[in-house]
Amino acid sequence: MYLTKILVDSLTVQYMRLFDVYRWKQELYKAFIPIENGRPFLFDMREKTGNITVLLFSSTQPKVLPFGTWQTKKIPDNFYDGNRYLFELTANPTVKKAVFEKDGTKKKQGKREGLHPARYEEWLRRKFESSGCTVTFVTTENLGLRMCHHKGTLVSHSAARFKGMINVKNTQGFKKMALEGVGSARGFGFGMLFLKRV
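Basis of the calculations
Residues numbered from 1 in each chain as written. Predicted model: local features only at pLDDT ≥ 70, side-chain atom pairs only at ≥ 80, totals over all residues. Heavy atoms only, no water. Pairing = 2+ DSSP bridges. Helix = DSSP H or I, 4+ residues; strand = E, 2+ residues; numbered from the N terminus. Axes fitted to C-alpha atoms, helices over the stretch in contact; angles between N-to-C directions. Contact = heavy atoms within 4.5 Å. Buried < 20%, exposed > 50% of the residue type's maximum accessible area, 1.4 Å probe, protein only. Polar contact = N/O pair within 3.5 Å; in protein donor to acceptor, adjacent residues only side chain to side chain. Arc of directions from axis to C-beta.

*Asks:* I'm lost on the sheet that holds strand 4 (residues 69–74) in this one. Help?
*Replies:* Within a sheet, adjacent strands bond to each other through the backbone by hydrogen bonds, running parallel or antiparallel. Read from one edge of the open sheet, four strands run 2-3-1-4, paired in antiparallel fashion. Strands with a single pairing partner mark the edges of an open sheet, and in this sheet they are strand 2 (41–48) and strand 4. The mean angle between the axes of side-by-side strands here comes to 15 degrees, regardless of whether they run parallel or antiparallel. Two elements, strand 2 and strand 3 (residues 51–58), share eight bridges in a ladder whose sense is antiparallel. Counted as the bridge partner of E47 is I52 from strand 3. Its contacts with the sheet place helix 2 (residues 21–29) against strand 1 (2–8), strand 2 and strand 3, and it is angled at close to 130 degrees to strand 2.

Take a look at the structure:
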């Protein structure tokens, strides 16, 4: 696994018209060989005075693209063998609701709806527990709605930032969660776990 930090100044952001997360996703895909199923990376973006920092988590080493400053490091194979980790996560807490046809037939695909902020911590604890971890402590920050354009449509996602500590009971389940991301909208900059082994 690889962790890449990309620093992009405000002038480059404007020149390349990287004004929302979907445009970033399109550019970042160019750093990887296309795969048939799944996504080759998770990413998280932070903005400060117009400059952007992108953190990219991937199973293969990305190709350096001709913009920004790129730094990539390989994550040690035994990093996920620990018992306790500090974490930070920006996520899209949602619940899937059943959707029905006019004749009452249930559709195969449900509809995701954002949760009320009062339920964010419950959602997070459930996600970790289903992957073999328990949350020792957590703080929750409601980041409101994040907007972006996707295929000509304005899309919104509720966003929350979590910080805390977890104890790992099931190493395989924990590693799978870290590699695949947490929650929905992972293609829109959500779900990437920042971890520090303690």
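After that view of the structure, there is still more to cover.
*Asks:* Is there a simple way to think about the side chain of T90 in this case?
*Replies:* As for its position among the elements, T90 is in strand 5 (residues 84–91). For T90, a relative accessible area of 0% corresponds to the buried category. Looking at T90, its side chain comes within polar contact range of the side chain of R161, at 3.1 Å.

*Asks:* Got a minute to help me understand helix 4 (residues 171–180) in this structure?
*Replies:* For the α-helix, the turn length of 3.6 residues means that residues three or four positions removed from each other point alike. For helix 4, the set of buried residues is G173, F174, M177 and A178. Taken down its axis, helix 4 places every buried residue within 135 degrees of arc, on the same side. The opening residue of helix 4 is N170, an N-cap whose side-chain oxygen sits 3.1 Å from the backbone nitrogen of Q172. Once helix 4 ends, the next one or two residues include G181, with phi positive near 95 degrees.

*Asks:* Looking at this structure, how should I read the side chain of T4?
*Replies:* Among the secondary structure elements, T4 is positioned in strand 1. Side-chain polar atoms of T4 contact the side chain of T72, separated by 2.8 Å.

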